[in-house]
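Spelled out, the chains give:
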Amino acid sequence: MNYTQDNDKLYRFLFQNRAVRGEWVRLNNTFTETLNTHHYPKAVQNLLGEMMVATSLLTATLKFDGTITVQIQGDGALKLAVVNGNDQQQFRALARVDGEITDDATLHHMIGNGVLVISIMPNQGERYQGVIGLDKPTISECLEDYFARSEQLATQLVIRVGEFDGQAVAGGTLLQIVPDGTGTPEDFEHLATLTSTIKDEELFGLTAEELLYRLFHEESVEVFPPQNTEFKCGCSRERSGAAIMLLPDDEITDMLAEKNGVIDMQCECCGTQYFFDEKAIEELKANS
């Protein structure tokens, strides 16, 4: 099989005799397109990759229609790292850095004192927000602890970020005991032990079918059809124009004068530029 057939895909699977469910995702173009317009330090790039994988797996696990935001806020050189996603597995990511971050910086070196905030906005129903303390060495361990304490669900996350065939790639798996009470700790621990043996080259270079067989060939695993993942920013000329209209008229006039009659709005996530001259501003005012 050609491993690239499973690039930018998420698979859900179920252990039929173990009452444990799982997910596997690999972000290739989804990840690199997020980084294309930015020059983040390597450690920040890797963290955003981990957060994108975690967001993808969380979105699939929580099974809701709507959007999800996973963000880290801290008082270190990395002030903010945020991933926005939705149930269609469309993602964008952004970081704000103020200070020097070395390539080998750990999570805590980058953020200092900080928290991980998960916000879920379903299309129908109530909004949910969870605040997770970053008192573990990695995002994966913090999320595992969150599920164990708040949801009482044994959960394992294996997330890796690296390079394969000359391309940045991020991937991971999630195992979780089925929340109907039929799963046993022994079953979960057995499968988690097998999952923890995944090598980077397997996660990045095998198809989902090959990887699952290599790990669980003695198990009965039902694999569901995959879902595509993609980078999608969501910015638009209309949104940029609406942001300008939130400013006082005199401030808009000053901006036009300072910028030779053209206001340039650039999206932080994808780098797309939107230009508004005096005529375009007048049209915005007429339509607002």
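To be clear, the structure that these remarks concern was listed above.
An account of the accompanying structure is given in this report. (Residues numbered from 1 in each chain as written. Predicted model: local features only at pLDDT ≥ 70, side-chain atom pairs only at ≥ 80, totals over all residues. Heavy atoms only, no water.)

### Side note on the overall build of the protein chain
Moving on, step 1. Secondary structure summary: the protein chain contains ten helices and 14 strands in total.
Moving on, step 2. Its C-alpha atoms put the protein chain at 70 × 45 × 40 Å along the principal axes.
Moving on, step 3. Look at the contacts in the protein chain between residues 6 or more apart in sequence, and 62% of them connect residues 24 or more apart.
Moving on, step 4. Of the roughly 14400 Å² of accessible surface on the protein chain, 46% is carried by carbon and sulfur atoms.
Moving on, step 5. Charged side chains of the protein chain number 22 positive and 45 negative; the gap between the two group centres comes to 2 Å. (Helix = DSSP H or I, 4+ residues; strand = E, 2+ residues; numbered from the N terminus. Contact = heavy atoms within 4.5 Å. Areas by Shrake-Rupley, 256 points an atom, 1.4 Å probe, with all protein chains shown as cover. Lys, Arg positive; Asp, Glu negative; His and termini not counted. Charge placed at Lys NZ, Arg CZ, Asp CG, Glu CD.)

### Some thoughts on the packing of aromatic side chains
Moving on, step 1. This structure, assessed with the given rule, holds five aromatic pairs.
Moving on, step 2. Seen from their ring centres, Tyr-3 and Phe-164 are 5.2 Å apart, and the 85 degrees between their planes marks the pair as edge-to-face. Within this pair, whereas Tyr-3 is found in the segment before strand S1 (9-15), its partner Phe-164 is found in strand S8 (residues 155-164), the two being separated by 161 residues in sequence.
Moving on, step 3. Ring geometry for Phe-13 against Phe-15: centres 5.7 Å apart, planes inclined by 80 degrees, an arrangement best described as edge-to-face. Neither residue differs from the other here; Phe-13 and Phe-15 are each classed as buried.
Moving on, step 4. Geometry around Phe-276 places Arg-237 over its ring, the cationic atom sitting 4.2 Å from the centre. (Phe/Tyr/Trp six-rings, centres within 6.5 Å; stacked < 30°, edge-to-face > 60°. Buried < 20%, exposed > 50% of the residue type's maximum accessible area, 1.4 Å probe, protein only. Lys NZ or Arg CZ within 6 Å of the ring centre and 35° of its normal.)

### Thoughts on the environment of His-108
Moving on, step 1. Mapped onto the elements of the fold, His-108 is located in helix H3 (residues 107-111).
Moving on, step 2. For His-108 and Asp-135, which are 27 residues apart along the polypeptide, the C-alpha to C-alpha distance reads 8.7 Å.
Moving on, step 3. With residues near it in sequence (within four places) discarded, His-108 still touches Leu-134, Asp-135, Lys-136 and Pro-137.

### Let's talk about the sheet that holds strand S4 (residues 78-86)
Moving on, step 1. With mixed pairing, six strands are arranged side by side in an open sheet as S7-S6-S3-S4-S5-S12. Looking along the sheet, the strands with just one partner apiece sit at the ends: strand S7 (128-133) and strand S12 (230-231).
Moving on, step 2. Here strand S3 (residues 66-74) runs beside S4; their pairing, made up of seven bridges, is antiparallel. Bridge pairing links Thr-67 to Asn-86 in S4.
Moving on, step 3. Strand contacts of helix H2 (residues 42-62): S3, S4, strand S5 (90-97) and strand S6 (114-122), with the helix running at about 35 degrees to S4, the strand carrying the most contacts. (Pairing = 2+ DSSP bridges. Axes fitted to C-alpha atoms, helices over the stretch in contact; angles between N-to-C directions.)

### Details of a negative patch on the surface
Moving on, step 1. On the surface, a cluster of negative charge is made up of Asp-250, Glu-251, Asp-254 and Glu-258.
Moving on, step 2. Topologically, Glu-258 is positioned in helix H9 (residues 249-258).
Moving on, step 3. Given the relative accessible area of 63%, Glu-258 is considered exposed. (Patch = residues over 30% accessible without salt bridge, like charges linked within 9 Å, V, L, I, M, F, W, Y side chains within 5 Å. Salt bridge = Lys/Arg side-chain N within 4 Å of Asp/Glu carboxyl O.)

### Regarding the packing of H2 against helix H4 (residues 139-151)
Moving on, step 1. For the pair H2 and H4, the least separation of the axes is 10 Å and the interaxial angle reads 30 degrees. As summarised for this structure, H2 and H4 are arranged roughly parallel, according to the angle between their axes. Contacts between H2 and H4 involve Leu-47, Glu-50, Ala-54 and Leu-58 on the former and, on the latter, Ile-139, Leu-143 and Phe-147.
Moving on, step 2. Residues that form the contact of H2 with H4 fall into these classes: six nonpolar, no polar and one charged. (Parallel < 35°, antiparallel > 145°, perpendicular 65-115°, else oblique. Nonpolar A, V, L, I, M, F, W, Y, C, P; charged D, E, K, R; others polar.)

### So, the nonpolar core
Note on soluble globular proteins: their nonpolar side chains tend to be buried together.
Moving on, step 1. Core analysis: the largest hydrophobic core is formed by 55 residues, its most contacted members being Leu-47, Ile-72, Leu-78, Met-110 and Leu-143.
Moving on, step 2. Tallying contributions element by element places H2 first for this core, with eleven residues.
Moving on, step 3. In this structure, Met-110 is in contact with Ala-43, Val-44, Leu-47, Gly-76, Ala-77, Leu-78, Ile-101 and Ala-105, ignoring residues within four places of it in sequence.
Moving on, step 4. Counting residues in each nonpolar core, the second largest holds 21 residues, with Phe-15, Leu-153, Leu-203 and Leu-215 among its members. (Core = buried A, V, L, I, M, F, W, Y, C linked by side-chain atoms within 4.5 Å.)

### Structural notes on the pairing of S4
Moving on, step 1. The element S4 is extensively covered by neighbouring structure, given that seven of its nine residues are classed as buried.
Moving on, step 2. Taken together, S3 and the strand that follows it, S4, pair antiparallel across an intervening segment of three residues.
Moving on, step 3. Judged from the seven bridges that link them, S4 and S5 form a sheet pairing that is antiparallel. Within S5, the residue paired with Leu-80 across the bridge is Arg-96.
Moving on, step 4. Connecting S4 to the next strand, S5, in antiparallel fashion are three residues, including Gln-89 with a positive phi near 60 degrees.

### Looking at the side chain of Asp-6
Moving on, step 1. Positionally, Asp-6 belongs in the segment before S1.
Moving on, step 2. Look at Asp-6: it is buried, it has no salt bridge, and the nearest opposite charge is Lys-9 at 5.4 Å.
Moving on, step 3. Apart from the residues within four sequence positions on either side, Asp-6 is in contact with Tyr-11, Trp-24, Arg-26, Thr-207, Ala-208 and Glu-209.

Read these as layout, nothing more, since geometry by itself doesn't imply function.
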